[in-house]
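Summary of structural features
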Amino acid sequence: MKHFIENLPKAELHLHIEGTFEPELMFAIAQRNAIAIKYKSIEEIKAAYQFDCLQDFLDIYYQGAGVLITEKDFYDLTYSYLQKCAAQNVRHTEIMFDPQTHTERGISFETVITGISKACNDAKENLGVSSLLIMSYLRHLSEEDAFKTLQQSLPFKHLIAAVGLDSSEKGNPPSKFQQVFEASVKEGYIPLAHAGEEGPAEYVWEALDILKIKRIDHGNNSLQDEALVKEIIRRDIALTVCPLSNTALQVVDNLKNHPLKKMMGIGLKVTINSDDPAYFGGQVNQNFIAIQEALQLTKNDLYELAKNSFQYSLLDTVAKQQYLDELDNYYKDNI
Ligand code: HPA
Ligand code: ZN
């Protein structure tokens, strides 16, 4: 199974680039930028990665991102993640980035997007990994602030496929961002959002009906509302599930109790993702391996999950089909 998973062609659809910041690289970049960080060693950083909830994690995650200053920093961060994609047979990835985490500190939007997108271009060329970018608005900030970010993004619109919504969910419902999402869609961005991770099913309804999202990040709490589940299936919208994130942030108490198999059983389209791999203990393949073991998933289940990852990506139909053919060939040869 491990071998089958490692070689399985797949896409990653829920990944925060700031969440790929491994302690080793964080130390190196902090040092070259002469920024003091409060941890004295890599071990100390790792020991701090114990979370009771989403907010605990976010506090540490925003601190870590604070050492990123130059275009090269963003390039190195992104390229390092894309190398891991290549090693795991992640053929395509849709990368979220949080511009406000950086623009708030005086880093220009241009620096962030240029570093990230150059790494994506180089990875396509050198590693054969394709990628698209998702600009995520921070929901703990105001809608006005999100509008500023939208404005800053416009000169770089050709580099960005979609908008997302992340950060502290409780108390920050999707409806808070109705207008900026409408404006983003007018600019050609595809609307996506985190919903139902810690927030209630009602937030998932809002994300669907008010923000008109095309994919739900997490969405675990959708299961609490039968009518919502039916509607998600009717609209053919996928949930990007993140097993190790769910246990790290105590959204799920134990992987054995993870609702993934239930989701699949009732007809929801789900994918497996790492969310913030440097913080939650594993890249996408480790997420696959852990959930396969916990829920005794079959090769056919794994194939289904990989198929969804291409099917519900934001790629055009031609590119999707190429990856789906590659996956089908792999499955036929390895069943
Ligand atoms: N949820 C909300 N915001 C985030 C996450 C998450 O899982 N990861 C990074 N920002
Ligand atoms: Zn996320």
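Quick summary incoming for the structure in this document. (Residues numbered from 1 in each chain as written. Chains lettered and ligands numbered in written order. Predicted model: local features only at pLDDT ≥ 70, side-chain atom pairs only at ≥ 80, totals over all residues. Heavy atoms only, no water.)

1. Here we look at the side chain of His-92
Tracing the chain through its elements places His-92 in strand β2 (residues 90-97). Classification of His-92 as buried rests on a relative accessible area of 0%. Within the local environment of His-92, its side chain forms a polar contact with the side chain of Ser-130, the two groups lying 2.7 Å apart. When sequence neighbours within four positions are dropped, the list of residues in contact with His-92 reads Lys-10, Ala-11, Glu-12, Ser-130, Ser-131, Leu-132, Ser-313, Leu-315 and Tyr-323. (Helix = DSSP H or I, 4+ residues; strand = E, 2+ residues; numbered from the N terminus. Buried < 20%, exposed > 50% of the residue type's maximum accessible area, 1.4 Å probe, protein only. Polar contact = N/O pair within 3.5 Å; in protein donor to acceptor, adjacent residues only side chain to side chain. Contact = heavy atoms within 4.5 Å.)

2. Section: the nonpolar core
Phe-97, Leu-260 and Tyr-279 are the most contacted members of the largest nonpolar core, which has 104 residues in total. The contact partners of Leu-260, leaving out residues within four places of it in the chain, are Val-241, Val-270, Ile-272, Ile-291, Leu-295, Leu-297 and Leu-305. Residues Ile-134, Ala-161, Ala-162 and Leu-192 belong to the second largest nonpolar core, which totals six residues. (Core = buried A, V, L, I, M, F, W, Y, C linked by side-chain atoms within 4.5 Å.)

3. Side note on helix α9 (residues 178-186)
Taken as a whole, α9 has its buried residues at Val-180, Phe-181 and Ser-184. Buried residues along α9 cover an arc of 100° about the axis, so they all sit on one side. Of the residues in α9, the exposed ones pointing more than 90 degrees away from the buried face are Gln-179 and Lys-186. Looking at the buried residues of α9, the elements they touch are β3 (130-138), α8 (143-153), β4 (162-166) and β5 (190-191). The first or second residue beyond α9 is Gly-188, which carries a positive phi of 100°. (Arc of directions from axis to C-beta.)

4. Some points on the sheet that holds strand β9 (residues 269-272)
In space, the four strands of this open sheet follow the order β6-β7-β8-β9, with parallel pairing throughout. The open sheet terminates on both sides in strands that have one partner only, identified here as β6 (193-195) and β9. Within the sheet, the average angular offset between the axes of one strand and its neighbour, ignoring direction, is 35°. Note that strand β7 (residues 215-218) and strand β8 (residues 238-241) share three bridges and pair parallel. Bridging from a neighbouring strand, Asp-217 pairs with Thr-240 of β8. (Pairing = 2+ DSSP bridges. Axes fitted to C-alpha atoms, helices over the stretch in contact; angles between N-to-C directions.)

5. Describing helix α4 (residues 54-65)
Spanning 12 residues, α4 covers 16 Å between terminal C-alpha atoms, matching the ideal 16 Å at 1.5 Å per step. Looking at α4, one finds that the buried residues are Leu-54, Phe-57, Leu-58, Ile-60, Tyr-61, Tyr-62, Gly-64 and Ala-65. On its buried side, α4 packs onto β1 (10-16), α2 (23-32), α3 (42-48), α6 (99-103), β3 and α14 (277-280). (Expected span 1.5 Å × (residues − 1).)

6. Some details on the coordination of the zinc ion (ligand 2)
Within the protein, the zinc ion (ligand 2) binds to His-14 (NE2), His-16 (NE2), His-194 (NE2) and Asp-275 (OD); these donor distances fall in the range 2.0 to 2.3 Å. What the four donor atoms of the zinc ion (ligand 2) show is an angle range of 83 to 176° at the metal, which sorts the shape as irregular. Given a relative accessible area of 5%, His-194 falls into the buried group. (Donors = N, O, S within 2.8 Å, 3.2 Å for Na, K, Ca; no water. Tetrahedral: all angles 85-135°; square planar, octahedral: opposite > 155°, others 65-115°.)

Purely geometric stuff here, so don't read any function into it on its own.
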